[in-house]
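# Observations on chain architecture
Now for the letters of each chain:
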Amino acid sequence: MRELKTFTIPFVGLKLGKHQFEYKIDKTFFDFFEYQDFNDANIAVDLELNKKTTLLELHFEISGTVNVNCDLTNEPYNQEISNNFDLVVKFGEDYNDEEIDLLVLPHGEYEVNVQQYIYEIIILTVPSKLIHPGVEDGTLQSDILEKLEELSPKEKQEKEDNEDIDPRWNTLKKLLTDK
């Protein structure tokens, strides 16, 4: 996969200690990954890189909104998201990203690209079931909701006792209530 230069951090020239990086994520970021589930996005990513002599510690903080369609009504709304993630970057013989929170870069590497980690954090932060807040509190007026209400099963009306019912059924009903 191509890498976006904006998300490549050249750590060789950095002094030991903490360094701050900020990224603004919008819809074009997800278009790069060919991810079409978001109508729009406005996300801030704060990345703190702590450079030590033998490793790098990365701490991601994300917060913002993604505009998605409700699973029930298909109405668009802004879903608030917030999450954090820690990643340790060590150096070894070969590139290895099999562990969730550990990345091994070959000796001699001078930069790390964080775009994939940012993408995955955001995607995993969005709830699996997207429900418009107006559906939960009953304030959303939607044609789809009205149709769902119309088609939902209603409680059956019990027949009144005074209607003509075959007496044999009454006898059978007594068997159900006897224990």
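See above for the structure.
Residues numbered from 1 in each chain as written. Predicted model: local features only at pLDDT ≥ 70, side-chain atom pairs only at ≥ 80, totals over all residues. Heavy atoms only, no water.

### A word on the side chain of asparagine 50
Mapped onto the elements of the fold, asparagine 50 is located in strand β3 (residues 40-51). Those residues within four positions of asparagine 50 in sequence are excluded, and the remaining contacts are Gly17, Lys18, Leu55, Leu56 and Glu57. (Helix = DSSP H or I, 4+ residues; strand = E, 2+ residues; numbered from the N terminus. Contact = heavy atoms within 4.5 Å.)

### Thoughts on the sheet that holds strand β2 (residues 17-25)
Spatially, the 5 strands line up as an open sheet ordered β2-β3-β4-β5-β6, and their pairing is mixed. The strands lining the two open edges of the sheet, one partner per strand, are β2 and β6 (102-106). For this sheet, the mean inter-axis angle between neighbouring strands, taken without regard to orientation, is 20 degrees. Judged from the 15 bridges that link them, strand β4 (residues 55-69) and strand β5 (residues 76-92) form a sheet pairing that is antiparallel. (Pairing = 2+ DSSP bridges. Axes fitted to C-alpha atoms, helices over the stretch in contact; angles between N-to-C directions.)

### Considerations on a nonpolar patch on the surface
Together, Ile165, Trp169, Leu172 and Leu175 line one region of the surface with nonpolar side chains, adding up to about 410 Å² of accessible area. Its place among the elements puts tryptophan 169 in helix α5 (residues 167-177). Of the residues examined, tryptophan 169 reaches a relative accessible area of 52% and is grouped as exposed. (Patch = residues over 30% accessible without salt bridge, like charges linked within 9 Å, V, L, I, M, F, W, Y side chains within 5 Å. Areas by Shrake-Rupley, 256 points an atom, 1.4 Å probe, with all protein chains shown as cover. Salt bridge = Lys/Arg side-chain N within 4 Å of Asp/Glu carboxyl O. Buried < 20%, exposed > 50% of the residue type's maximum accessible area, 1.4 Å probe, protein only.)

### Examining the nonpolar core
Tyr23, Ile25, Phe30, Ile43, Phe60, Ile118 and Ile122 are the most contacted members of the largest nonpolar core, which totals 39 residues. Secondary-structure elements contributing two or more residues to this core are β2, α1 (27-32), β3, β4, β5, β6 and α2 (115-125). Broken down by element, the residue count for this core peaks at 6 residues, all from β4. When residues no more than four places from it in sequence are discounted, the contact partners of phenylalanine 60 are Val45, Asp46, Leu47, Asn83, Asn84, Phe85, Leu87, Val114, Tyr117, Ile118 and Ile121. (Core = buried A, V, L, I, M, F, W, Y, C linked by side-chain atoms within 4.5 Å.)

### Some remarks on unusual backbone geometry
The backbone of glutamate 34 shows a phi angle near 60 degrees, a positive value even though the residue is not glycine. Mapped onto the elements of the fold, glutamate 34 is located in the loop between α1 and β3. For glutamate 34, a relative accessible area of 69% puts it in the exposed group. Positive phi, normally seen in glycine, also occurs at asparagine 74, with a value near 65 degrees. Position of asparagine 74 relative to the elements: it lies in the loop between β4 and β5.

### A few points about the packing of aromatic side chains
What the rule picks out here adds up to 14 aromatic pairs. Considering the side-chain rings of phenylalanine 7 and tyrosine 23, the 4.9 Å spacing of their centres and the 35 degrees angle between planes classify their relative orientation as tilted. Taken together, the positions of phenylalanine 7 in the segment before β1 (8-10) and tyrosine 23 in strand β2 put the pair 16 residues apart, joining distant regions of the chain. Each member of the pair phenylalanine 7 and tyrosine 23 is classed as buried. Both rings, one in tyrosine 35 and one in tyrosine 119, keep their centres 6.0 Å apart while their planes meet at 85 degrees; by these two values the pair is edge-to-face. Placement of the pair is tyrosine 35 in the loop between α1 and β3 and tyrosine 119 in helix α2, with a sequence separation of 84 residues. (Phe/Tyr/Trp six-rings, centres within 6.5 Å; stacked < 30°, edge-to-face > 60°.)

### Quick look at a negative patch on the surface
A contiguous patch of negative charge, built from Glu22, Asp46, Glu61, Asp86, Asp97, Glu98, Glu99, Asp101 and Glu120, is present on the exposed surface. Here glutamate 99 lies in the loop between β5 and β6. Take glutamate 99: its relative accessible area is 48%, and that puts it in the partly exposed class. (Lys, Arg positive; Asp, Glu negative; His and termini not counted. Charge placed at Lys NZ, Arg CZ, Asp CG, Glu CD.)

### With respect to the pairing of β5
Connecting the antiparallel pair β4 and β5 is a turn made up of 6 residues, with asparagine 74 showing a positive phi of about 65 degrees. Summarising the sheet, β5 and β6 pair through 5 bridges and their orientation is parallel. In the strand pairing of β6, lysine 90 is matched with valine 104.

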